[in-house]
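# Summary of structural features
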Amino acid sequence: MKKFAVLDIDGTLFRSQLYWEVALELARRQKLHKDINQKTLDLYESWKKRKSKDAFELFNNETIDSIDSLLTELDPTEYDNIIKEILTPLLDHTYVYTKKLMNDLKAKGYFIIAISGSRSEEVNIFAKHHGFDDWIGQTYERTEDRKKYTGNVHKTYKDKDLILAEFVKKHDLTYQDSYAIGDSGGDISILKKVSNPIAFNPNKELLAEAQKNGWKIVIERKSIAYIMEYTDGKYVLAEAN
Amino acid sequence: MARQFAVFDIDGTIVRTSLMQLLVKELVNRGQLDGPKAGDIERILHDGRQRIDDSVFGSYMKQAFDLMIQTAGSGLSLSDYTEAITAVANSLNSTSYVYSRQLIDTLKKNNFFLIAISGGEQRAVQAIASTLGFDACAAGVYYLDDGKILTGEVQKFEAKKDAVLQAIISKYDLNTNGSMAIGDTGNDTVMFNLVSQPIAFNPNQALFKIAREKNWMIVIERKDVVYGMQMENGQYVLKSVNV
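Residues numbered from 1 in each chain as written. Chains lettered and ligands numbered in written order. Predicted model: local features only at pLDDT ≥ 70, side-chain atom pairs only at ≥ 80, totals over all residues.

## Looking at the overall build of chain B
Worth spelling out the cut-off: Helix and strand assignments follow DSSP, with helices taken as H or I runs no shorter than four residues and strands as E runs no shorter than two, numbered in order from the N terminus. Only C-alpha atoms enter the radius of gyration, while the globule expectation follows 2.2 Å times N to the 0.38, with N the number of residues. Once C-beta atoms are placed from the backbone, each residue is buried if 20 or more other C-beta atoms lie within 10 Å of its own, exposed if 12 or fewer, and partly exposed for counts between those two.
Looking only at helices and strands, one finds 10 helices and 10 strands in chain B. Over its C-alpha atoms chain B spans a radius of gyration of 18 Å, differing by no more than 12% from the 18 Å that the globule rule assigns to 243 residues. In terms of its C-alpha atoms, chain B occupies a principal-axis envelope of roughly 60 × 40 × 30 Å. By the burial criterion, 45% of the 243 residues in chain B qualify as buried.

Written out as structure tokens, the structure is:
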């Protein structure tokens with residue numbers, strides 16, 4: 001049985017958010033939907049300026065909700081036309097620590113998995129570029145001619161442990177000595193499953209859980225990765241590079 | 001008795017980016033700079049800040065300023081420039097680090113004398129310092145004007161932050177004992193050597209290397225979390241996590 005490493009993408013390997021890059025550009029080109037183009041841009045500005053503590057969650061949730069609620073009115077072809085053009089120059093915009101860890105584990109024969117809350121169209125492009133062995137993103141179901149969305153969405157940002165269990169079964173993998181790396185609360189369930197959980201640039205929710213369990217915490221800031229390990233009741237800076 | 005002081009760097013320490021980047025953005029918003037051309041200025045400044053070597057950042061700022069003057073076409077008027085500075089100073093709440101703002105508040109309550117020393121432009125540095133209630137400040141450069149427009153000439157001031165700080169300490173008869181310095185790059189280390197509580201905040205590689213040699217406290221702000229690391233028996237220990 002093969003060991004694996006499972007990575008979240010947005011905020012963990014990728015410095016930005018795959019889905020946002022695309023949704024935002026569609027809004028800038030006024031091609032998202034007339035009711036939400038401006039609202040998306042406004043919410044983005046207020047997050048950028050950190051106008052409130054939960055500005056990111058607001059931007060994240062409200063934009064997703066608006067897009068989801070208007071899904072059947074949106075035109076997937078606009079999206080298909082633009083996605084490669086937007087993502088191609090951004091694909092190597094990755095964190096140094098997670099990219100190196102992924103490469104090292106790959107060299108050791110680990111099976112590398114991505115579980116992302118971004119849409120499968122973006123995740124496909126990103127995962128192929130970085131050499132993942134298998135991956136999953138959120139699926140926005142389309143009609144048979146692929147020219148309309150049906151409105152059905154298969155979510156992948158929660159219950160990540162169940163999604164992981166399917167990968168483990170499908171590829172005959174073992175949790176023993178395996179790795180999980182994530183940056184937010186949605187990743188807690190997969191970090192709980194593996195021998196080597198890593199909280200990377202964690203948000204408050206994940207940080208609290210990491211401290212409770214003594215998980216490794218890694219912070220990358222200005223190309224320095226601070227690797228903190230829990231020993232004798234405290235976190236110690238084990239390494240910085 | 002002589003007062004204790006705290007000296008702050010501004011770019012990357014109080015504001016998340018730099019005063020000049022904020023000014024360029026503000027001038028674009030006001031229609032005084034062309035967006036795409038301002039993008040080039042932004043890139044020069046961004047690249048400059050990402051460099052590991054600190055000694056060249058000044059030349060990036062000069063390059064960016066030259067481009068700013070060229071881009072402004074018929075000239076950047078003094079009143080447009082000072083109005084943009086006021087707007088930048090008034091929006092500090094959304095462009096500055098939470099940790100630094102809270103530290104400033106705490107130090108004020110404890111009657112510290114607050115100093116800002118920046119490589120930035122004098123009018124901008126003064127506006128930031130006065131908005132935040134600092135007691136003294138020093139800038140790196142001054143953009144000359146003819147009463148109406150910025151001429152494009154740049155007057156340089158003393159660049160060594162230790163010499164600048166030493167002059168302020170003497171002038172106001174301040175006490176280095178118990179005093180604090182906070183900065184994010186190698187340029188700030190010389191002022192760290194003058195105080196008893198240096199803080200390397202989101203340090204770049206040059207500062208991090210020295211901080212580790214000298215056992216200085218390291219503070220990182222990332223997402224909605226602030227990490228404080230202190231040296232204990234030869235290793236950094238995570239002491240406080242908050243915001």
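## Brief notes about the nonpolar core
Inclusion rule: For the purposes of this analysis, a nonpolar core is taken to be any set of buried Ala, Val, Leu, Ile, Met, Phe, Trp, Tyr and Cys residues that are connected through C-beta atoms within 7 Å. Where each domain starts and ends follows an automatic or database-derived domain assignment. A pair of residues counts as a contact when their C-beta atoms, built from backbone coordinates, are separated by no more than 7 Å.
Counting 137 residues, the largest nonpolar core has B:Leu23 and B:Ala116 as the members making the most contacts within it. Here this core gets 8 residues from one element, more than from any other, and that element is helix α1 (residues 18–28) of chain A. Counting contributing residues, this core receives three or more from each of domain 1 (2–16 + 93–240) and domain 2 (18–90) of chain A. B:Leu23 has contacts with B:Ala84, B:Ile85, B:Val88 and B:Ala124, leaving out every residue within four places of it along the chain.

## What to know about helix α6 (residues 98–109) of chain B
Residues and elements named next belong to chain B. Rule in force here: A helix's residues, less one, multiplied by 1.5 Å, set its expected span. This arc describes the spread of directions from the helix axis toward the C-beta atoms.
Taking 1.5 Å of rise per residue, 12 residues should cover 16 Å, and α6 covers 17 Å from first to last C-alpha, within 8% of that figure. The set of residues buried in α6 consists of Tyr99, Ser100, Leu103 and Ile104. Taken end-on, α6 shows its buried residues confined to a sector of 135°, consistent with a single buried face. In α6, those exposed residues whose orientation departs by more than 90 degrees from the buried face are Asp105, Thr106 and Lys109. A positive backbone phi angle near 65° is found at Asn111, which sits one or two residues after α6.

## Things to note about the interface of chain B and chain A
The cut-off we apply is this: For this classification, Asp, Glu, Lys and Arg are treated as charged, while Ala, Val, Leu, Ile, Met, Phe, Trp, Tyr, Cys and Pro are nonpolar and the rest, including Gly, are polar.
In this complex, chain B contributes 18 residues to the contact, which on the side of chain A involves 19 residues. Mapped onto the side of chain B that touches chain A, the elements with two or more residues apiece are α5 (92–95), α10 (205–214), β8 (217–222), β9 (225–232) and β10 (235–242) of chain B. Here the side of chain B that touches chain A takes 5 residues from β10(B), the largest share from any one element. Of the residues in the side of chain B that touches chain A, the class split is 9 nonpolar, 6 polar and 3 charged.

## Observations regarding the environment of A:Glu122
Residues and elements named next belong to chain A. Position of Glu122 relative to the elements: it lies in helix α6 (residues 120–130). With 26 C-beta atoms packed within 10 Å, Glu122 lands in the buried category. Along the primary structure Glu122 and His93 are separated by 29 residues, whereas in three dimensions their C-alpha atoms are 14 Å apart. Ignoring anything within four residues of it in the chain, the contact list for Glu122 reads Leu18, Tyr19, Val22, Ile83, Leu87 and Gly137.

## Considering the domain arrangement of chain A
All names here are of chain A. For chain A, the assigned domains read domain 1 (2–16 + 93–240) and domain 2 (18–90). Distance between the C-alpha centres of domain 1 and domain 2: 23 Å. Among the secondary structure elements, those contributing two or more residues to the side of domain 1 that touches domain 2 are β2 (111–119), α6, β3 (134–142) and β4 (149–154). It is α6 that contributes the most residues to the side of domain 1 that touches domain 2, 5 residues altogether. Split into classes, the residues belonging to the side of domain 1 that touches domain 2 amount to 8 nonpolar, 4 polar and 8 charged.

## Let's talk about the packing of α1(A) against helix α4 (residues 76–87) of chain A
Residue and element names in this part refer to chain A. Threshold: Note on definitions: angles span 0 to 180 degrees between N-to-C directions of axes, and those axes are lines fitted to C-alpha atoms, for helices only across the stretch in contact. In this scheme the crossing of two helices becomes right-handed for a clockwise turn of the near helix relative to the far one and left-handed for an anticlockwise turn of less than a right angle.
At their nearest, the axes of α1 and α4 sit 10 Å apart, and the two run at 120° to each other. Judged by the sense of rotation from one axis to the other, the crossing of α1 with α4 is right-handed. Seen from α1, the contacting residues are Leu18, Glu21, Val22, Glu25 and Leu26; seen from α4, they are Glu78, Tyr79, Ile82, Ile83, Ile86 and Leu87. Among the residues making up the contact of α1 with α4, the classes are represented as 8 nonpolar, no polar and 3 charged.

## Points about unusual backbone geometry
Positive phi is not limited to glycine here, since A:Asp177 has a value of about 65°. Note that A:Asp177 resides in strand β5 (residues 173–182). Taking the number of C-beta atoms within 10 Å as the measure of exposure, A:Asp177 has 12 and is therefore exposed. Its identity as a non-glycine residue notwithstanding, B:Asn202 has a phi of 45°, on the positive side. Looking at the secondary structure, you find B:Asn202 in the loop between β7 (197–201) and α10. Assessed through the 24 C-beta atoms surrounding it within 10 Å, B:Asn202 is described here as buried.

## Describing helix α5 (residues 96–107) of chain A
Residue and element names in this part refer to chain A. Given a rise of 1.5 Å per residue, 12 residues ought to cover 16 Å, and the 17 Å separating the end C-alpha atoms of α5 matches this to within 8%. Its buried side turned inward, α5 meets β1 (2–7), β2, β5, β6 (196–200), β7 (216–221) and β8 (224–231). The positive-phi residue at the C-terminal boundary of α5 is Gly109, with phi of around 90°.

## Examining the environment of A:Glu209
Residue and element names in this part refer to chain A. Mapped onto the elements of the fold, Glu209 is located in helix α9 (residues 204–213). Residue Glu209 is classed as partly exposed on the basis of its C-beta count, with 18 C-beta atoms lying within 10 Å. In this structure the C-alpha to C-alpha distance between Glu209 and Gly186, which are 23 residues apart in sequence, comes to 11 Å.

## Observations concerning the pairing of β1(A)
Put simply, side chains in a regular strand alternate between the two faces of the sheet. All names here are of chain A. Basically, it comes down to this: Pairs of strands are assigned from DSSP output, requiring at least two bridges between the strands.
Direction of pairing for β1 relative to β5: parallel, over a ladder of 5 bridges. Directly across from Lys3, in β5, lies its bridge partner Thr174. In this sheet, β2 lies alongside β1 in parallel orientation, the contact comprising 4 bridges. Bridge pairing links Val6 to Ile113 in β2.

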